[in-house]
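These are the residues of each chain, in order.
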Amino acid sequence: MKKLLSMVLALTLVLSLSGVAMAEGNTQVFWYSLSDVYLSNVRTSLNADFTAAGIEFVDQDANATQTTQTDQITTAIATGTDLLCVNIVETGADGIAQNVVDQAKAAGIPLLFFNRSISEDVVKSYDKCCFIGTNYEDAGIMQGNMIGDYLLADYEKYDLNGDGEISYIMFKGDEANQEAIARTKYGVENADAKLTAAGKPQLKFYDDSNAQKYLVDQNGTWSRQVAQDYMTTVLAQYTEANGNMVELVIANNDEMAIGAVTALQQVGYNNGEGTVTIPVFGVDATPDAVENYMKPGFMAGSIKQDYEGMAEAICTISQNMIAGTDMFANLNENFTVTDGWKVVIPYAMYTGE
Amino acid sequence: MSELNNSAPKKGLAQKFDDFKALDARDKRSVIGNWLLDHAMIIIIVLLVIYIQIQRPAFLATASIVNIIQLTASRLPIALGIAGAIILTGTDLSAGRVVGLGAFVAAILLQKTGAVGRFFAVGDPWPVLIVILLVLAVGAIIGFINGFCVAKFKLHPFIVTLATQLITYGLYLTVSSAKQISSLDESYTTNLITAPMFKIGNTPVMMYVALAAIVTVIMWFIWNKTTFGKNMFAVGSNEEAARVSGVNVTAVIIGVFALAGVTYGYTGFVEAARMGASTGTIGLNYELDAIAACVIGGVSFVGGIGKISGVVIGVVLMQLIMSGMTFLGISGSITYVIKGAVILIACAIDMRKYLTKK
């Protein structure tokens, strides 16, 4: 009986490997993480665009680990794929991206980086290479400006303890990610600039003993859960009764903003009519944040990363690269090509109205 | 299986064949069935390779074979180290983070002179030989601590190594501030670890493949030809019996974990060079892949059972599957399902051998 069972198991194993649908695998897309919410929106759009354009593709998951991704790329190159679309994991180390570019260059396979930033020198070291992204500082700058204007519209209302200052909490998505660093910096700096210009004091971090002035997702996954756990812990000590309530939440992305909103809701804030609403700001304007948090007024605002535009640009450039024509031909005119290496997808402010 | 289970006298091939002919039809079927099951992993590998090769003729092209060999070489040492811990009926969750720490230590000491954002603002790269010894020592120290706590405080390795995993990562983050260490010196990368040894066709084979082979031979020697190795299996099969027969159990446990630590340090040294930088995610969850490869290769959590060749087969199988899925164009989401299924089924088949013996 046991023998029969294990025979069946062995057979299942072989069949499970052979029964899977076959794709040509002309284009391999390497995602930083399949569980990232913004990226999954890009992926849904991109898969539809690729299918419509008749491009065969495979999505691969690096699970937020660069070694996994680099090995996947090496393997894909060995399969003789036609195009590599890379959403790189590590954004702060040129050596890693250069390693990927060098491999593609040696094999003569066109390489397209998207979303997670790559430095100019690395992209320009290979003629069949480009980067599609945003001016990553812009999201933080726009978020900071938005926060400044939002607070100035009714400053006394948001200053819950009436001490004349707004105390804030900042959630950083990843310690080493360049976009996270810029958003953490400008989200506060630009809000401060607006406030001081209007004669108000600068924002004040809720916890004086934290010199970093942010709480970071140690796993670098920009996670809702992590922000929620932090916020729950913070709200146990910082309350209106103690006169030290956190009066503003700034998050590097919508997922972390939603985590903070959930924690606030558990202690009776941000629940619509009859409850006090702490302004919470994110970035990405994901469908979940827009529909379930911003429209009902639980979240104050976000910066829209245009995932459909991102997917459209990737698809157009992929077609060009596969055809071997000019990389940037037929590109939507909303996207600007900078210096022959970078396609910029613009951000937009979003408040749920 | 270990020497312990091979107690039956060895027979010549001819003798075995005569024995087989003497059996009746029913027994013959049973012998064939058992043989198939005992070699199930190898058979599955062969079937898999044939299948992928038919679907994707590029699978067995030199570029692809070299790629699989290189990926195997990068994963093998850590699996060989962790296998020792499994033979002691333990495990080692600290492995991946020790790899990360090793990569970091190697990278900061071997950064190019005058690199932008250099970790140590001034100074030259250290001699590579000193750095590798240092990295191995770092691994050995953490391994020693693991082994010491397991042996002296009678704690389960799962708990001890979970604790050291967190401590190691915390120390790494504190010292590094999670900075990526890029611009590594050529004496470390393209002239050593990723230096092409020779070319097969147009595909260069890199130096770390040879280094992994050397590590494997050393580990094989330690396991099979030294008293320490024999004691490791003895302690793994029955700690009390080993103690009674005069084995220094404490020393064996500490030795196995320290040796494992050395292999993690070595892996870290290779990984930073292979990736071109040290980052916070190097090593993340490596222990899980390594443990999976070990159990697929017949290193049993039952204790005292495992062979170097089994570990090699386990690692190769994992890489073949991962690479094969890329060739077949299977999406990332399904990859996880298949990987999980392979681990489960492989272990179920393997466990059957021990169940029938008991």
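Shown above is the structure to which this text applies.
Every chain's residues receive numbers from 1 upward, in the order its sequence appears when written. Labels are handed out in written order, letters beginning with A for the chains and numbers beginning with 1 for the ligands. Where local features are concerned, this predicted model is filtered to residues with pLDDT of at least 70; where side-chain atom pairs are given and counted, the filter is 80 or more; whole-chain, interface and lining totals use all residues. Remark: hydrogens and water are excluded; side-chain values derive from all non-hydrogen atoms of the structure.

1. Focus on unusual backbone geometry
Working note: non-glycine residues mostly have negative phi, and peptide bonds are mostly trans. Residues and elements named next belong to chain A. Although it is not a glycine, Trp222 sits at a positive phi angle of roughly 50 degrees. In this text, helices come from DSSP runs of H or I with a minimum length of four residues, and strands from runs of E with a minimum of two, each type numbered from the N-terminal end. Position of Trp222 relative to the elements: it lies in the loop between strand 8 (215-216) and helix 9 (224-237). The backbone of Ala285 sits at a positive phi, close to 50 degrees, despite the residue not being glycine. Structurally, Ala285 is set in the loop between strand 10 (280-281) and helix 11 (287-294). Its relative accessible area of 4% is what places Ala285 among the buried residues. Buried, partly exposed and exposed residues are distinguished by accessible area as a fraction of the type maximum, computed with a 1.4 Å probe on protein chains only: under 20%, between the cut-offs, and over 50%, respectively.

2. Looking at the pattern of salt bridges
If the charged atoms of two oppositely charged side chains come close together, the side chains can form a pair. A side-chain nitrogen of Lys or Arg and a carboxyl oxygen of Asp or Glu constitute a salt bridge if their distance falls within 4 Å. According to the stated counting rule, one finds 17 salt bridges over all chains in the structure shown. Asp288(A) is the partner of Arg224(A) in a salt bridge, and the nearest nitrogen-oxygen pair spans 2.7 Å. You can see Arg224(A) sitting in helix 9 and its partner Asp288(A) sitting in helix 11, a full 64 residues away along the chain. When the shortest N-O distance is used, the salt bridge between Glu186(B) and Lys112(B) registers 3.6 Å. Linking Glu186(B) in the loop between helix 7 (157-176) and helix 8 (189-193) with Lys112(B) in the loop between helix 5 (95-109) and helix 6 (128-153), this pair joins segments that are 74 residues apart in sequence. On the accessibility criterion, Lys112(B) (30% relative accessible area) is partly exposed. Salt bridges sharing common partners tie together Asp71(A), Arg75(B), Glu271(B) and Arg274(B).

3. Some points on the interface of chain B and chain A
Contact residues are listed per partner, giving 51 residues for chain B and 45 residues for chain A. Summing both sides of the interface, chain B and chain A together bury roughly 4,000 Å²; the carbon and sulfur share of this comes to 65%. Note on definitions: buried area is the accessible-area loss of two parts on being combined, 1.4 Å probe, summed for both. Considering only the surface of chain B that becomes buried against chain A, Gln180(B), Met275(B) and Thr326(B) emerge as the three largest contributors, covering 16% of it. The interface formed by chain B and chain A contains two salt bridges. Between Asp71(A) and Arg75(B) there is a salt bridge, with its nearest N and O atoms 2.9 Å apart. Identification of polar contacts relies on pairs of N or O atoms within 3.5 Å, with a donor-acceptor requirement for protein atoms, meaning one able to donate a hydrogen and the other able to accept it, and with residues adjacent in sequence counted only if both atoms are side-chain atoms. Connecting chain B to chain A are 13 residue pairs in polar contact (both at pLDDT 80 or more). When contributions to the side of chain B that touches chain A are tallied by element, the ones reaching two or more residues are helix 2 (25-38), helix 3 (40-55), helix 4 (62-87), helix 7, helix 12 (249-275), helix 14 (308-328) and helix 15 (332-357) of chain B. Sorting elements by how many residues they give to the side of chain B that touches chain A places helix 15 of chain B first, with ten residues. Gly falls in the polar group here, along with every residue not listed as nonpolar (Ala, Val, Leu, Ile, Met, Phe, Trp, Tyr, Cys, Pro) or charged (Asp, Glu, Lys, Arg). Its residues placed into classes, the side of chain B that touches chain A shows 27 nonpolar, 19 polar and five charged. Contacts were defined at the residue level, with two residues in contact if any of their heavy atoms lie within 4.5 Å.

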